[in-house]
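The residues making up each chain are set out below.
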Amino acid sequence: MPNVTLTTLSKLKQTGEKITCLTAYDATFSQLVNEAGVEVILVGDSLGMVLQGNDSTLPVTVADMAYHTRAVKRGNSSALIMVDLPFMSYPNVDQALASSAQLMQAGAHMVKLEGAGWLAPIIKALVQNGVPVCAHLGLTPQAVNLLGGYKVQGRLDEQAQVILDDAKALEAAGASMLLLECVPSVLANAITEAVSVPVIGIGAGSGTDGQVLVVHDMLGLTRGHRQPRFVKNFMLDQQDVPGALRAYVEAVKKVEFPAAEHEF
Ligand SMILES: Nc1nc(=O)c2c([nH]1)NC[C@@H]1CN(c3ccc(C(=O)N[C@@H](CCC(=O)O)C(=O)O)cc3)CN21
Ligand SMILES: CC(C)C(=O)C(=O)O
Ligand SMILES: [Mg+2]
């Protein structure tokens, strides 16, 4: 596969072919995810829960993210590497630039940050400095203490309108991609239509331009908590990990995943 760039992703949106994304935090998973033909690797701050065993993503530092990004970069051949800016690493333009510098120098091709309309000046500054940005809207896990838990966002018309307006504002500020987490499918569809940049969803239905899952979740490895509604275990019908990763890519491309049971 030739190197995936923002141009590749934009073409996929235009042609209607679904974009696939999975997390990877180390070189082995990076290689496996590449072999499966996934376009975007997310080095997610979910590593704070999945790898570090915390009960939220808040303890993760920029140094942690840079460490895992270097490992993923070594395993990568052609995917676009997107890396989460962790909790409190982008409270203003200067710190967002410093944090992103560390991640880009570790091997990120793009950074992702969580928030809303207030991110616009930060996104503008990053883009001016050559850093492509994905804006993560809806359920933003770094705000779990403010939200009162990992709950679906935008169920009420008024909240949905705010998220739609934020999506348009962040595209206007220069975001090259949006990620919607745990929003009703009708809202995700409206946003996907309203913006010209690719929209990746998790718990946002099948109408977005692409899908993402935490790789440990879709391999049935995650322990402890009740699984979120949007998770499917792709190992159940497969013999091995490479098979499960290929099955995920195929299901997303054929718009068989997510199904109605995975949506809100
Ligand atoms: N392993 C793992 N997978 C993830 O998807 C993930 C992480 N960790 N860590 C960071 C965040 C936290 N995430 C979560 C965690 C739980 C729910 C959850 O249980 N949601 C309820 C919504 C209930 C409602 O409001 O109706 C669900 O039933 O899915 C959602 C997202 C997503 N991210
Ligand atoms: C759940 C995805 C979207 C994420 O942000 C992460 O893995 O950290
Ligand atoms: Mg994250």
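Keep in mind that what you see is a predicted model, and the values were worked out from it rather than measured. (Residues numbered from 1 in each chain as written. Chains lettered and ligands numbered in written order. Predicted model: local features only at pLDDT ≥ 70, side-chain atom pairs only at ≥ 80, totals over all residues. Heavy atoms only, no water.)

In the neighbourhood of ligand 1, 21 residues make up the surrounding shell, with Val152, Arg155, Glu181, Asp217 and Arg229 lying closest. One of the side-chain N or O atoms of arginine 155 is found 3.0 Å from an oxygen atom in ligand 1. Glutamate 181 has a polar side-chain atom sitting 3.5 Å from a nitrogen atom of ligand 1. Burial of ligand 1 by the surrounding chains reaches 82%, relative to a free accessible area of 670 Å². Split by residue class, the shell around ligand 1 holds 12 nonpolar, three polar and six charged. (Near = heavy atom within 4 Å. Polar contact = N/O pair within 3.5 Å; in protein donor to acceptor, adjacent residues only side chain to side chain. Areas by Shrake-Rupley, 256 points an atom, 1.4 Å probe, with all protein chains shown as cover. Nonpolar A, V, L, I, M, F, W, Y, C, P; charged D, E, K, R; others polar.)

Contacts to ligand 2 come from Thr23, Leu42, Gly44, Asp45, Ser46, Asp84, Lys112, His136, Leu179, Ile202 and Val214. Within the side chain of serine 46, one N or O atom sits 2.6 Å away from an oxygen atom of ligand 2. Within the side chain of aspartate 84, one N or O atom sits 2.9 Å away from an oxygen atom of ligand 2. Starting from 260 Å² of accessible surface for ligand 2 in isolation, the protein chains cover 94%.

All right, on to the packing of aromatic side chains then. Here a ring pair, both rings aromatic, is described through the centre-centre distance and the interplanar angle of the planes. A complete count under the given rule lists three aromatic pairs for this structure. Taking the centre distance of 5.5 Å and the plane angle of 85° together, the rings of phenylalanine 234 and tyrosine 248 count as edge-to-face. Remark: tyrosine 248 occurs in helix α11 (residues 241–253) and phenylalanine 234 occurs in the loop between α10 (215–218) and α11; sequence separation between them is 14 residues. Comparing phenylalanine 234 with tyrosine 248 shows no difference in burial state: the two are buried. (Phe/Tyr/Trp six-rings, centres within 6.5 Å; stacked < 30°, edge-to-face > 60°. Helix = DSSP H or I, 4+ residues; strand = E, 2+ residues; numbered from the N terminus. Buried < 20%, exposed > 50% of the residue type's maximum accessible area, 1.4 Å probe, protein only.)

A word on the sheet that holds strand β4 (residues 110–114). Around the barrel, eight strands lie side by side as β1-β2-β3-β4-β5-β6-β7-β8; this closed barrel has parallel pairing. Strand-to-strand, the axes of this sheet are offset by a mean angle of 25°, without reference to chain direction. Strand direction decides the pairing type here: β4 and strand β5 (residues 133–138), joined by four bridges, are parallel. Of the residues in β5, the one forming a bridge with valine 111 is valine 133. (Pairing = 2+ DSSP bridges. Axes fitted to C-alpha atoms, helices over the stretch in contact; angles between N-to-C directions.)

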